[in-house]
Amino acid sequence: MKMRYFEYRKARIEIIPMIDVMLFLLVFFVIVTLQMIPDAGVSLQLPTSSQSVDLPHPKITVNVLPDGTIQVKGQTMNDAQLVALFQASGDPSKVELTIATDKTTPFQKFMNVIDDARKAGVSDVGIAAQPGSGS
């Protein structure tokens, strides 16, 4: 039996670990990209305003549907859940809130969302509107 200290072996590229790494990177970038897409909200007929300005994307968007239901990121909420969401968002005075409501929604439902924000201590409230003539 002859022992060789340095056997000649042909070099191989291992494909399976490379595929694992590439799939991990793909999943990582897909998740990061999905986190960067802003909440599109619900399709509403926003009221028009001649004084509307573009605001940076809000941290929380509350949608008030024409039937009065409240939705945040696709989840239907009641008033107590909305107050809890605002309080759980960290410092309520730093929460940026935008309320988007359909122009056919009763005004009282809109005011209920503002009251919930005030109960939680949110002071930075914006109202979504389409640019237009305001009439």
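Conventions used here
Residues numbered from 1 in each chain as written. Predicted model: local features only at pLDDT ≥ 70, side-chain atom pairs only at ≥ 80, totals over all residues. Heavy atoms only, no water. Helix = DSSP H or I, 4+ residues; strand = E, 2+ residues; numbered from the N terminus. Buried < 20%, exposed > 50% of the residue type's maximum accessible area, 1.4 Å probe, protein only. Contact = heavy atoms within 4.5 Å. Areas by Shrake-Rupley, 256 points an atom, 1.4 Å probe, with all protein chains shown as cover. Arc of directions from axis to C-beta. Polar contact = N/O pair within 3.5 Å; in protein donor to acceptor, adjacent residues only side chain to side chain. Core = buried A, V, L, I, M, F, W, Y, C linked by side-chain atoms within 4.5 Å. Pairing = 2+ DSSP bridges. Right-handed = clockwise from strand over helix to strand, strands pointing away. Phe/Tyr/Trp six-rings, centres within 6.5 Å; stacked < 30°, edge-to-face > 60°.

Here we look at the overall build of the protein
Broken down by element type, the protein carries 3 helices and 7 strands. Put simply, the protein runs from its N terminus to its C terminus through helices and strands in the order α-β-β-β-β-α-β-α-β-β. Evaluated residue by residue, the protein yields a buried proportion of 27% over its 135 residues. Partitioning the intrachain contacts of the protein with sequence separation of at least 6 by distance along the chain shows that 71% fall at a separation of at least 24. Looking at the protein as shown, the accessible area adds up to about 10,500 Å², and 60% of this sits on carbon and sulfur atoms.

What about helix α2 (residues 79-88)?
Among the residues of α2, Leu-82, Val-83 and Phe-86 are the ones counted as buried. The arc enclosing the buried residues of α2, seen along the axis, measures out at 100 degrees, which places them on a common side. Residues Ala-80 and Ala-88 are exposed on α2 and point more than 90 degrees away from its buried face. If you follow the buried residues of α2, they end up packed against β2 (60-64), β3 (70-72), β4 (75-77), β5 (96-101) and α3 (107-120). Near the N-terminus of α2, the side chain that reaches the backbone nitrogen of Ala-80, with its oxygen 3.2 Å away, is that of Asn-78. Looking one or two places after α2, you find Gly-90, whose phi comes out positive at around 95 degrees.

Points about the nonpolar core
With 18 residues, the main nonpolar core has Val-62, Leu-82, Phe-86 and Leu-97 as its most contacted residues. Apart from residues no more than four positions distant in its own chain, Phe-86 is found in contact with Ile-60, Val-62, Pro-92, Val-95, Leu-97, Asp-116, Ala-117, Ala-120 and Val-122.

Examining the pairing of strand β6 (residues 124-127)
The side chains of a regular strand alternate, residue by residue, between the two faces of the sheet. Both β5 and β6 contribute to a ladder of 4 bridges, which runs parallel. From the neighbouring strand, Glu-96 faces β6, where its bridge partner is Asp-124. Regarding the hand of the β-α-β motif, the stretch spanning β5, α3 and β6 is right-handed.

Details of the packing of aromatic side chains
Inspection of the entire model under this criterion finds 2 aromatic pairs. Ring geometry for Phe-28 and Phe-29: centres 5.4 Å apart, planes at 70 degrees, overall edge-to-face. You can call Phe-28 partly exposed: its relative accessible area is 43%.

Describing the pairing of β2
Burial within β2 is extensive, with 5 of its 5 residues counted as buried. Side-chain alternation along β2 places Ile-60, Val-62 and Val-64 on one buried face and Thr-61 and Asn-63 on a second face that is also buried. Judged from the 5 bridges that link them, β2 and β5 form a sheet pairing that is parallel. Bridged to Val-64 within β5 is Thr-101. In this structure, β2 lies alongside β3, joined through 2 bridges in antiparallel fashion. Within the sheet, the bridge partner assigned to Val-64 lies in β3 and is Ile-70.

Spatial relationships are all this shows, so hold off on functional conclusions.
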